[in-house]
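Observations on the three-dimensional arrangement
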Amino acid sequence: MTKITVDHLGRGAFVYIRQSTADQLLNNPESRRRQYGLSDRARQLGWTAVEVIDDDLGRSGGGIKRPGFERLLAAICERRVGAVFAIEASRLARNGRDWHTLIEFCGLVGTVIVDEDGIYDPRHPNDRLLLGMKGTMSELELSLFRQRSQEALKQKARRGALFLSVAAGYVRAGRDRIEKDPNQRVQEALSLVFAKFSELQSVRQVHVWLRAEGIALPVACHRAAEGRSIVWRLPLYNTVHNILTNPVYAGAYAFGRTMSKVSVKDGRKRVERGLRRPQSEWDVLLKDQHEGYITWSEFERNQRAIANNATGKGSAVTGAVRRGELLLAGLLRCGHCGRKLYVGYGGKAGRYYCQGALVNHGTERCISFGGLRADNAVGTEVLRVLKPLGIDAAVKALAAQTGETSAAQRQLDLALQEAHFAAAHARRQYDAVDPANRLVAGELERRWNEALQVVHRLEGEIAELEAQKPAPLGEKEQQHLTRLGADLELAWSHPAVTAETRKRILRTALHEIVVRIEGGFIQLVLHWQGGDHTALQLKINGAGKHRWTVPEDTLSLIRELARLMPDQQIARLLNRAGKPTGRGNGWTKARV
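Heads up: these notes are all about the structure in this document. (Residues numbered from 1 in each chain as written. Predicted model: local features only at pLDDT ≥ 70, side-chain atom pairs only at ≥ 80, totals over all residues. Heavy atoms only, no water.)

**A few points about the sheet that holds strand β14 (residues 332-334)**
Ordered by their spatial adjacency, four strands build an open sheet running β14-β18-β19-β20, and the pairing between neighbours is mixed. With one partner strand each, in any of the chains shown, β14 and β20 (533-539) form the two edges of the open sheet. The average undirected angle you get between the axes of adjacent strands in this sheet is 25°. Alignment of strand β19 (residues 521-528) against β20, held across seven bridges, turns out to be antiparallel. Each bridged residue has a counterpart across the sheet, and for Ile-522 the counterpart in β20 is Leu-538. (Pairing = 2+ DSSP bridges. Helix = DSSP H or I, 4+ residues; strand = E, 2+ residues; numbered from the N terminus. Axes fitted to C-alpha atoms, helices over the stretch in contact; angles between N-to-C directions.)

Pasting the structure below:
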């Protein structure tokens, strides 16, 4: 007895077509042709109205949202579907939820399911059992395939031989090894990124500097037709950040640095990929696997600096250098409650205060003190420790100023060498073609002209950069720089030195400062980067005692004169005696 009735033929036949990935779409056209061929089989079985649903090409059947499958279910519920055609159960669904939902809906409205093995009516117990087993086997098959492939990948990764992609700056050397890209321009561009971060200690500042100098970075580009190639682009922030945080540039092999998170949203599986994992949770980390651009110790220092620059990450990090004249922002930690100190500005002066307890628990503030005295004391102590390094810093500054060429010009020179090679190659191709073959000769001539235009543009940029290059330091300027190096206090207080520069110096030397207020004193414990500690103690000003206080002898004189003469006359007398106010101003009647 046939399972296809007049009622089935009176409704439409729906052919559901799906392939799971874009790679299958590109490389497995035969499977797609077989699925589209089901339209002919539907007509052979008697259907005249055949509708093809191929909205889900390139989508997995493992539970993610599929608009084509949703459209098929809606048509079944509307009793417009007499039969659902698919080459096998795995095309319709790879998870039990979707598969059994489809069977349930088909059984309710009397829709048959047709694959290459036969025709099934979900209203019949035997057919329903067989369809359920097919769906279970399809789901199990997918799980087994996934488990086998993942275990094979992990086993290869444990040997450090798995390279799904190769970062810019490296090329494959055989099937299971990588080495530095022999292109000198690529190597120097990446080395420049690490050198500038060592100097600026900020990913954002490195990114801004590269954009300002117009320095392009190499980016690995993967195209199906051309394979892997290197393109040069002005860097985005993510490009610089990925270079500085990728352990491959430290000569290490790492696998499992990111993970996927599965959640259920609107009744569907949602997969978030690329979530970063802490280093302690990486699946594989093999050091000294290949030649690196930096050492592993330098890589770890860079990661600590990047982590400490983060803002809004709680009290565990110091935060990036920010605006403001106070120098110890981000370094101070309260010795009473353990929280980081805030910075507040009122007028020109600023204060450090601990109000974490007030913000989090509504209790009283912890400690508060003026910032100028603490800044001066810590700055003086740091200068005392760093004084032996001052002359060495001055010598390095002179060497940097009188170096061969700037980093930007060096990159342009390398780009010009590549452009000359491309132009010469284009010319050789043009010379090799028969001039009578204008179809080919015209195209090669156009490519040659484009290569020459690139050469001309780069030569113009180099000439412009040369014109903007500052003159080398003269003898007097070099001597002045050497004196500043010998006298760090003079260099620290120089008008050209900004607060940001002073903050960077302090952060380079200090890890943290723990502060307490006890017995009328501010007690500071300086934690140096090397692990040593230094204790400082500052007396707190009493009420009315500040740096603009009028000297005591002047106050006594004013009290004595107040018995003898009016305020206006006292002001004249004090001005003739050369006694200024606490702020260094002259006296007036109001000030007396």
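So much for the structure itself; the text now carries on.
**A few points about the sheet that holds strand β4 (residues 112-114)**
Taken in spatial order, the five strands make up an open sheet running β2-β1-β3-β4-β5, and their pairing is mixed. With one partner strand each, in any of the chains shown, β2 (50-53) and β5 (119-120) form the two edges of the open sheet. As paired elements, strand β1 (residues 12-16) and strand β3 (residues 81-85) share four bridges and run parallel to each other. By the bridge assignment, Gly-12 is partnered in β3 with Val-81.

**A short note on the pattern of salt bridges**
Proximity of charged atoms lets side chains of opposite charge pair with each other. Tallying each qualifying case throughout the model produces 21 salt bridges. Across the pair Asp-98 and Arg-97 runs a salt bridge, and its minimum N-O distance is 3.2 Å. Arg-277 is the salt-bridge partner of Asp-283, the closest N and O atoms lying 3.5 Å from each other. Taken together, the shared-partner salt bridges connect Glu-51, Asp-55 and Arg-71 into one network. (Salt bridge = Lys/Arg side-chain N within 4 Å of Asp/Glu carboxyl O.)

**Some words on the pairing of β3**
For a regular strand, side-chain orientation follows a simple rule: the groups alternate between the two sheet faces. Burial within β3 is extensive, with five of its five residues counted as buried. Summarising the sheet, β3 and β4 pair through three bridges and their orientation is parallel. Note on β4: the bridge partner recorded for Phe-85 is Val-114. (Buried < 20%, exposed > 50% of the residue type's maximum accessible area, 1.4 Å probe, protein only.)

**Considering the nonpolar core**
Ranked by internal contacts, the top residues of the largest apolar core, which has 37 residues, are Val-193, Leu-210, Val-240, Leu-244 and Tyr-249. Sorting the residues of this core by element identifies α9 (184-200), α10 (203-213), α11 (237-245) and α12 (296-309) as the ones contributing at least two each. Per-element tally for this core: the top contributor is α9, with eight residues. Residues in contact with Leu-244, not counting those within four places in the same chain, are Val-193, Phe-194, Phe-197, Val-203, Phe-299, Gln-303 and Ile-306. (Core = buried A, V, L, I, M, F, W, Y, C linked by side-chain atoms within 4.5 Å. Contact = heavy atoms within 4.5 Å.)

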